[in-house]
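# Per-entry structural report
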Amino acid sequence: MDEFISVFFIPVEESELQEKALLLEQEELEKDYNKSQESTTEENAKLEQSRKDRVLYKLKRTVYHWKPIDYTSHQGLLYLAGRLAPDYASLVQIFSEVKKQDPEFKPKTVFDFGSGVGSTMWAANSAWGESIGEYFCVDVSSNMNNLAHLLVQGGDVNGRMFMNGIYFRQFLPASNEVRRALFNCKCQLYGYTWRMTCQFMPIHTKLREVSNRHQLLK
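Residues numbered from 1 in each chain as written. Predicted model: local features only at pLDDT ≥ 70, side-chain atom pairs only at ≥ 80, totals over all residues. Heavy atoms only, no water.

Moving on, we get to the packing of aromatic side chains. Under the definition given, this model contains five aromatic pairs. A ring pair is formed by Phe95 and Trp128, whose centres lie 5.2 Å apart and whose planes are at 50 degrees; its orientation type is tilted. Here Phe95, found in helix α4 (residues 73-101), pairs with Trp128, found in helix α5 (residues 119-128); they are 33 residues apart in sequence, far enough to count as distant. With a relative accessible area of 1%, Trp128 lands in the buried category. Geometrically, the ring pair formed by Trp122 and Phe162 is edge-to-face, given 6.1 Å between the ring centres and 65 degrees between the ring planes. (Phe/Tyr/Trp six-rings, centres within 6.5 Å; stacked < 30°, edge-to-face > 60°. Helix = DSSP H or I, 4+ residues; strand = E, 2+ residues; numbered from the N terminus. Buried < 20%, exposed > 50% of the residue type's maximum accessible area, 1.4 Å probe, protein only.)

What follows is the structure, encoded as structure tokens:
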């Protein structure tokens with residue numbers, strides 16, 4: 001699971017995919033030019049089909065095939081075991097840097113998009129727990145939200161949550177008028193999420209063992 005997530009890229013845009021396909025098709029047309037000039041209509045039809053097959057094959061070989069991860073309860077536990085500790089450690093380092101750059105920054109609200117098992121919530125609490133009054137966690141996977149909720153209850157479904165003001169949701173709010181002091185995003189949609197942020201938005205992503213850490217100021 002950890003190895004799979006470490007090379008999990010964002011999907012290719014449709015326009016980029018079409019551009020790539022046109023370039024590959026042009027390359028194959030140039031290769032087939034001499035053959036097409038000497039071929040019959042039937043042979044050209046077969047050559048065209050062969051060209052389409054070659055373009056499709058090359059697209060599959062050179063373009064990242066994105067598909068969403070559907071986290072089951074079991075996969076959520078695998079994610080917990082493989083990613084919670086390193087993600088938490090990375091975020092603690094990021095938030096420590098934010099505190100160094102702006103000692104007066106004391107967020108009252110946190111919005112975590114792609115919250116997973118809640119590593120941002122725990123790291124933010126360790127940095128600014130005395131000031132934060134709301135943790136708004138959004139993850140499309142209900143299984144991940146349930147697991148994050150169970151963690152903050154100490155593993156007891158009837159237990160009291162270690163932090164107050166925690167909200168788990170599967171979807172982004174319909175309006176971006178409500179702005180949070182700290183917004184963490186582990187994926188794309190930076191333009192959209194930045195409009196919902198009033199002070200800091202750490203961009204935390206892991207692509208091929210590279211961790212990009214940036215702080216965007218208002």
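All told, the structure shown has seven salt bridges when counted by the stated rule. Note that Glu28 is salt-bridged to Lys58, the shortest N-O span being 2.7 Å. In this pair, Glu28 is assigned in helix α2 (residues 14-38) and Lys58 in helix α3 (residues 41-62), connecting sequence segments 30 residues apart. The class for Glu28 is buried, based on a relative accessible area of 1%. The closest approach of N and O atoms between Glu48 and Lys52, which form a salt bridge, is 3.9 Å. Residue Glu48 and its partner Lys52 are both found in helix α3; the two are separated by four residues, about one turn of the helix. (Salt bridge = Lys/Arg side-chain N within 4 Å of Asp/Glu carboxyl O.)

Attention now goes to the side chain of Asn145. Structurally, Asn145 can be placed in helix α6 (residues 142-152). Accessibility expressed as a relative area gives 6% for Asn145, which makes it buried. A distance of 3.0 Å separates the side chain of Asn145 from the backbone oxygen of Asp139, its partner in a polar contact. A polar atom in the side chain of Asn145 sits 3.3 Å from the backbone oxygen of Arg169. Every residue in contact with Asn145, bar those within four places of it in the chain, is listed here: Ser115, Asp139, Phe168, Arg169 and Gln170. (Polar contact = N/O pair within 3.5 Å; in protein donor to acceptor, adjacent residues only side chain to side chain. Contact = heavy atoms within 4.5 Å.)

None of this, on its own, says anything about what the molecule does.
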